There are 2 protein chains.
Amino acid sequence: MTTITLTRPDLEKLLRIEDCFDAVTDAYKAVSDGRCVLPPVGYLDFASANGDCHIKYGHIQGDPTFVIKVATGFYDNPAQNLPSSNGIVLVLSAHTGQIEAILQDEGFLTDLRSGLGAAIATKALCRPNSKRVGIVGTGIQAGYQIRCLDNLMSEHALEFSVWGRSNDNMQQLSAKMQAHDIQIQMQPNLQELCENSDIILTTTPAKTPLVKSSWIKPGTHITASGADTPGKQELETDLVVRASLLALDKIDQCLDHGEVATAHALGVLPAENYVELGHVLAGTAPGRQHSSDITIADLTGLGSQDIAIAQVALGAYRQNRS
Amino acid sequence: MTTITLTRPDLEKLLRIEDCFDAVTDAYKAVSDGRCVLPPVGYLDFASANGDCHIKYGHIQGDPTFVIKVATGFYDNPAQNLPSSNGIVLVLSAHTGQIEAILQDEGFLTDLRSGLGAAIATKALCRPNSKRVGIVGTGIQAGYQIRCLDNLMSEHALEFSVWGRSNDNMQQLSAKMQAHDIQIQMQPNLQELCENSDIILTTTPAKTPLVKSSWIKPGTHITASGADTPGKQELETDLVVRASLLALDKIDQCLDHGEVATAHALGVLPAENYVELGHVLAGTAPGRQHSSDITIADLTGLGSQDIAIAQVALGAYRQNRS
């Protein structure tokens, strides 16, 4: 067997957003129903270079392959005109241990699966008549989330507005989305953005909550994906406590370092208000109950989605060749 | 920066045994003097396919690169005419996190560094006038250990004898060594092999001790490298207890699952009799004291040696190209 090597441009060509939703949805379910074996993440620290390396790996029972993802972040790289993120994804046979594919994705697969995951969570929990989407943040993840949600909820003819700290960043995101035939409005006032949205997607690495409870109307759905490590929080704790339903991608992770972590640590998070998202998607836990509910999806990132997206990529490559 | 990809044949051409000893010696020292960061080994089990996957990774402080090694063992593969071992080694920059090299070594680097490590331990602990080397086992590791020791102790004009369970296996090993200009005698009697050796190298996955204490003369040095997981043992516990000096490649690993593990578990391993091999090599712990001492090197395998050999390979590649 020859090992397949795919680069980022290969993967960008191979992976169509609409082909990935089923696998990423199943990846949520696999975590909640216990099919997914995900050992603790491996970690190396390079303090003197302001860098780190994470090794995520796992297997979804019954899958013919398993996946190992190596991701580095060296945060002084941009000063040398290098990207701060690097990485590689290995796909191995769960039957023979052979290395089936080396995906030199430069972080693309993680960016895409995060966008897909946010779109799936959002569609599952928002009001069916949702129309106006407010994006908080203008980074790479904002773009992926807009593209994925626009694709998944195309029949809604969603209207996108974005808030960012700088006009330049909003304009850049707008231009990027234009290239994908998606129009977005720039909204320099975060309060107005929140007050006028049916759906809010927060995508920032904020360490001080940006989104205030008083800005959020009944019926709003929020998908918060910025809090991926301890110390980050995008939503006011009051808002987290006020929500009718919190859908956590992985309960232990979210209680430890998700949007709900502060409320949990303070002992004010009602246990009856949160469920695991995979259970909602599988129909084994309730989702939104009333059109006036405020719902929040708290996404900290799942290794099972890295597995899923790598498998979709390899499958697409093989189908293209056959 | 372009990622360098090297295959097993590339690596076999690049790596000369004599160029690797310094790096592997330093890898022993780095573990003992605390320079080496080696997180716990990552592990995935594929029980239904009789397979497993180990992920070893680490960094030696001050090194410009760090290393991640993925190794799979799927023990039913030979029935499908596939090798049971597969793997890949990644070399990444400790300054930028970029992936400098992908080494598709198919286990070659592990085999070689184990052979190098055994030779280094053996030379450090054997009597200076050692001549006769007895090899227990005829597998891949037996071959690497013979080649590495012959190279490292070339001025001794060593004489090699081998014992194996089958004549065929002994003949095959003999033929392989002949191709490297090394003559080995076949010795179908293990007791005679042991009684007539100054140095004994044990290289089997035995779960019941093969080598009896009564067969070992004073002055013998033994390097035991078969016990790499719990339950394996090549040397009688009496022999382990009787030895004047036990040099362990990593004390915690060896007490857990090395040759000394049973003696330790039984509470009969004298704490004053064992030292860490890296300290012996650095001169900070005593080695052999008397020509009549029985010395044993207990090798369970060090991640630092995976790092070292990968770095030597990448260095050799770059030097060849410059």
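Residues numbered from 1 in each chain as written. Chains lettered and ligands numbered in written order. Predicted model: local features only at pLDDT ≥ 70, side-chain atom pairs only at ≥ 80, totals over all residues. Heavy atoms only, no water.

1. Focus on the overall build of chain A
Line of reasoning, step 1. A count of helical and extended segments in chain A gives eleven helices and 15 strands.
Line of reasoning, step 2. A compact globule built from 322 residues would reach a C-alpha radius of gyration of about 20 Å, and chain A, at 19 Å, matches this within 12%.
Line of reasoning, step 3. Dimensions of chain A, computed from C-alpha atoms along their principal axes, come out at roughly 60 × 45 × 45 Å.
Line of reasoning, step 4. Relative to its 322 residues, chain A shows a buried fraction of 59%.
Line of reasoning, step 5. Summed over its atoms, the accessible surface of chain A is roughly 13200 Å², and 47% of this surface lies on carbon and sulfur atoms.
Line of reasoning, step 6. Charge separation in chain A, taken as the distance between the mean sites of 24 positive and 36 negative side-chain charges, equals 3 Å. (Helix = DSSP H or I, 4+ residues; strand = E, 2+ residues; numbered from the N terminus. Rg over C-alpha atoms; globule rule 2.2 N^0.38 Å. Buried < 20%, exposed > 50% of the residue type's maximum accessible area, 1.4 Å probe, protein only. Areas by Shrake-Rupley, 256 points an atom, 1.4 Å probe, with all protein chains shown as cover. Lys, Arg positive; Asp, Glu negative; His and termini not counted. Charge placed at Lys NZ, Arg CZ, Asp CG, Glu CD.)

2. Section: the side chain of Q104 of chain B
Line of reasoning, step 1. Tracing the backbone shows Q104 of chain B in strand 7 (residues 99-104).
Line of reasoning, step 2. A relative accessible area of 18% places Q104 of chain B in the buried class.
Line of reasoning, step 3. Contact partners of Q104 of chain B, with chain neighbours within four places excluded, come to T3 and I102 of chain A together with T5, L6, T7, R8 and I88 of chain B. (Contact = heavy atoms within 4.5 Å.)

3. Concerning the sheet that holds strand 11 (residues 199-202) of chain B
All names here are of chain B.
Line of reasoning, step 1. Here eight strands make up an open sheet; going across it, the order is 10-9-8-11-12-15-13-14 and the pairing parallel. Strand pairing shows two members of the sheet lacking a second neighbour, strand 10 (184-186) and strand 14 (274-276), which therefore form its edges. Within the sheet, the average angular offset between the axes of one strand and its neighbour, ignoring direction, is 20°.
Line of reasoning, step 2. Where strand 8 (residues 132-136) lies against strand 9 (residues 159-163), five bridges are found, and the strand directions are parallel. Of the residues in strand 9, the one forming a bridge with V136 is W163.
Line of reasoning, step 3. In this fold helix 5 (residues 167-178) packs onto strand 9 and strand 10, with an angle of close to 170° to the strand it touches most, strand 10. (Pairing = 2+ DSSP bridges. Axes fitted to C-alpha atoms, helices over the stretch in contact; angles between N-to-C directions.)

4. Brief notes about the side chain of R127 of chain B
Residues and elements named next belong to chain B.
Line of reasoning, step 1. For R127, the location among the structural elements is in the loop between helix 3 (108-125) and strand 8.
Line of reasoning, step 2. Within polar-contact distance, the side chain of R127 engages the side chain of N129 at 2.9 Å.
Line of reasoning, step 3. Of the polar contacts made by the side chain of R127, one reaches the side chain of D198; its length is 2.8 Å.
Line of reasoning, step 4. Beyond its immediate stretch of four places on either side in the chain, R127 contacts D198, G219, R288 and S291. (Polar contact = N/O pair within 3.5 Å; in protein donor to acceptor, adjacent residues only side chain to side chain.)

5. Section: the relation of the copies chain A and chain B
Line of reasoning, step 1. Mapping chain A onto chain B is achieved by rotating through 180° and translating by 0.0 Å along the same axis, at an RMSD of 0.1 Å. Considering both components of the superposition, the chain copies are consistent with a two-fold axis. Rotation axis and chain A: the residue whose C-alpha lies nearest the axis is G42 of chain A, separated from it by 3.6 Å.
Line of reasoning, step 2. Both copies share a contact surface, since 100% of the interface residues of chain A are interface residues in chain B too. (Least-squares fit on C-alpha atoms with pLDDT ≥ 70 in both.)

6. Here's the deal with the interface of chain A and chain B
Line of reasoning, step 1. Across the boundary between the two partners, chain A contributes 35 residues, which contact 35 residues of chain B.
Line of reasoning, step 2. Taken together, the two surfaces of chain A and chain B that pack against each other cover about 2700 Å², and 74% of this comes from carbon and sulfur.
Line of reasoning, step 3. When the area that chain A buries against chain B is broken down by residue, the three leading residues are L44, F46 and T96 of chain A, summing to 18%.
Line of reasoning, step 4. For the interface between chain A and chain B, the tally reads four residue pairs in polar contact (both at pLDDT 80 or more).
Line of reasoning, step 5. Mapped onto the side of chain A that touches chain B, the elements with two or more residues apiece are strand 3 (42-46), strand 4 (51-60), strand 5 (65-74), strand 6 (85-93) and strand 7 (99-104) of chain A.
Line of reasoning, step 6. Per-class residue counts for the side of chain A that touches chain B are 20 nonpolar, 15 polar and no charged. (Buried area = accessible area lost by both parts, 1.4 Å probe. Nonpolar A, V, L, I, M, F, W, Y, C, P; charged D, E, K, R; others polar.)

7. Observations concerning the packing of aromatic side chains
All names here are of chain B.
Line of reasoning, step 1. Scanning all chains against the criterion turns up six aromatic pairs over all chains.
Line of reasoning, step 2. Taking the centre distance of 5.6 Å and the plane angle of 35° together, the rings of F46 and F74 count as tilted. Taken together, the residues span a long stretch of sequence, with F46 in strand 3 (residues 42-46) and F74 in strand 5 (residues 65-74) at a distance of 28 residues.
Line of reasoning, step 3. A residue is classified by how much of its surface remains accessible, and F46, at 5% relative accessible area, is buried.
Line of reasoning, step 4. Judged by centre distance (6.3 Å) and plane angle (55°), the rings of F108 and Y144 are tilted. One end of the pair, F108, is in helix 3; the other, Y144, is in helix 4 (residues 140-152), and 36 residues separate them in sequence. Y144 matches F108 in its accessibility class, with the two residues each being buried. (Phe/Tyr/Trp six-rings, centres within 6.5 Å; stacked < 30°, edge-to-face > 60°.)

8. Some thoughts on the environment of D293 of chain A
Line of reasoning, step 1. Tracing the chain through its elements places D293 of chain A in the loop between helix 10 (277-282) and strand 15 (295-298).
Line of reasoning, step 2. Judged by relative accessible area, which is 8%, D293 of chain A ranks as buried.

9. Let's talk about the pattern of salt bridges
Residue and element names in this part refer to chain A.
Line of reasoning, step 1. Tallying each qualifying case throughout the model produces 20 salt bridges over all chains.
Line of reasoning, step 2. Among the salt bridges present, the one from R35 reaches D26, with a minimum N-O distance of 3.2 Å.
Line of reasoning, step 3. Put simply, D198 and R127 hold a salt bridge, and the shortest N to O gap is 2.8 Å. Note that D198 is positioned in the loop between helix 6 (190-195) and strand 11 (199-202) and R127 in the loop between helix 3 (108-125) and strand 8 (132-136), a separation of 71 residues in sequence. Per residue, the accessibility class of D198 equals that of R127, and both read buried. (Salt bridge = Lys/Arg side-chain N within 4 Å of Asp/Glu carboxyl O.)

10. Quick look at the sheet that holds strand 14 (residues 274-276) of chain A
All names here are of chain A.
Line of reasoning, step 1. Ordered by their spatial adjacency, eight strands build an open sheet running 10-9-8-11-12-15-13-14, and the pairing between neighbours is parallel. A strand with exactly one partner marks an edge of an open sheet, and here the two such strands are strand 10 (184-186) and strand 14. On average, each strand axis in the sheet is inclined to that of its neighbour by 20°, with strand direction left out of account.
Line of reasoning, step 2. Note: strand 11 against strand 12 (residues 221-224), four bridges, orientation parallel.

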